[in-house]
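Listed here are the chains, written in short residue letters.
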Amino acid sequence: MSLPFCGPGNTPLHYAVAGGFYFIVDLFVQNGANVSIKGAGGCPPLTFAALRGLTYIGKYLLDNGAEIEQRADREETALMWASKRGHLPMVKFLLDKVG
């Protein structure tokens, strides 16, 4: 998995999101995982979904309380990362949620 923020501080939820494992993400969330917890680089799980263009997981996280404008340590939002990575469907989805 090539993510800029892999390392200490990430939770199993971060890695499940980054891997696109919807059912595991659901299992963690249904058992109390914090959908806005910051991991390596201060990135919340939504940022990991944006980095990979995983709109379906981004939607799930937002539906379960993730903060759409939460910023990482370097002040980037999930929308900024989706834009940087060229994940147009994710960009459109996040813009619709923000606006």
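See the structure above.
Residues numbered from 1 in each chain as written. Predicted model: local features only at pLDDT ≥ 70, side-chain atom pairs only at ≥ 80, totals over all residues. Heavy atoms only, no water.

1. Quick word on the pattern of salt bridges
The condition is simple: In the sections that follow, a salt bridge refers to a side-chain nitrogen of Lys or Arg positioned within 4 Å of a carboxyl oxygen of Asp or Glu. By the criteria applied, helices consist of DSSP H or I runs no shorter than four residues and strands consist of E runs no shorter than two, each listed in order from the N terminus. Relative accessibility decides the category of a residue: with a 1.4 Å probe and only protein chains considered, values under 20% of the type maximum give buried, values over 50% give exposed, and everything between is partly exposed.
Under the criterion given, the structure shown has 3 salt bridges. For Asp63, the salt bridge identified is with Lys59, shortest N-O distance 2.7 Å. Note that Asp63 and Lys59 are positioned in helix α4 (residues 55–63) at a spacing of 4 residues, about one turn of the helix. We classify Lys59 as partly exposed; its relative accessible area is 41%. With its nearest N and O atoms 3.9 Å apart, the salt bridge here joins Glu76 to Lys84. A relative accessible area of 54% places Lys84 in the exposed class.

2. Things to note about helix α5 (residues 78–85)
Our working definition: Regarding the arc, it is the one traced by the directions from the helix axis to the C-beta atoms. Any two residues having at least one pair of non-hydrogen atoms within 4.5 Å are treated as being in contact.
Among the residues of α5, those classed as buried are Ala78, Trp81 and Ala82. Buried residues along α5 cover an arc of 100° about the axis, so they all sit on one side. In this structure, the buried residues of α5 make contact with α3 (45–52) and α6 (88–98). Just downstream of α5 lies Gly86, where phi reads positive at about 75°.

3. What to know about the packing of helix α1 (residues 12–19) against α3
This is how the line gets drawn: Every axis corresponds to a line fitted to the C-alpha atoms, with the helix fit spanning only the stretch in contact, and the corresponding angles, defined between N-to-C directions, vary from 0 to 180 degrees. Angle categories are assigned with fixed cut-offs, so that under 35 degrees is roughly parallel, over 145 is roughly antiparallel, 65 to 115 is roughly perpendicular, and the rest are oblique. Each crossing gets its hand from how the near helix is turned against the far one by less than a right angle, where anticlockwise is left-handed and clockwise is right-handed. Side-chain classes are defined by residue name, with Ala, Val, Leu, Ile, Met, Phe, Trp, Tyr, Cys and Pro counting as nonpolar, Asp, Glu, Lys and Arg as charged, and the others, Gly among them, as polar.
The N-to-C vectors of α1 and α3 enclose an angle of 20°; their axes lie 8 Å apart at closest approach. Looking at the two axes, α1 sits roughly parallel to α3. Judged by the sense of rotation from one axis to the other, the crossing of α1 with α3 is right-handed. Contact residues: Leu13, His14, Val17, Ala18 and Gly19 in α1; Pro45, Phe48, Ala49 and Arg52 in α3. Taken together, the residues of the contact of α1 with α3 break down into 6 nonpolar, 2 polar and 1 charged.

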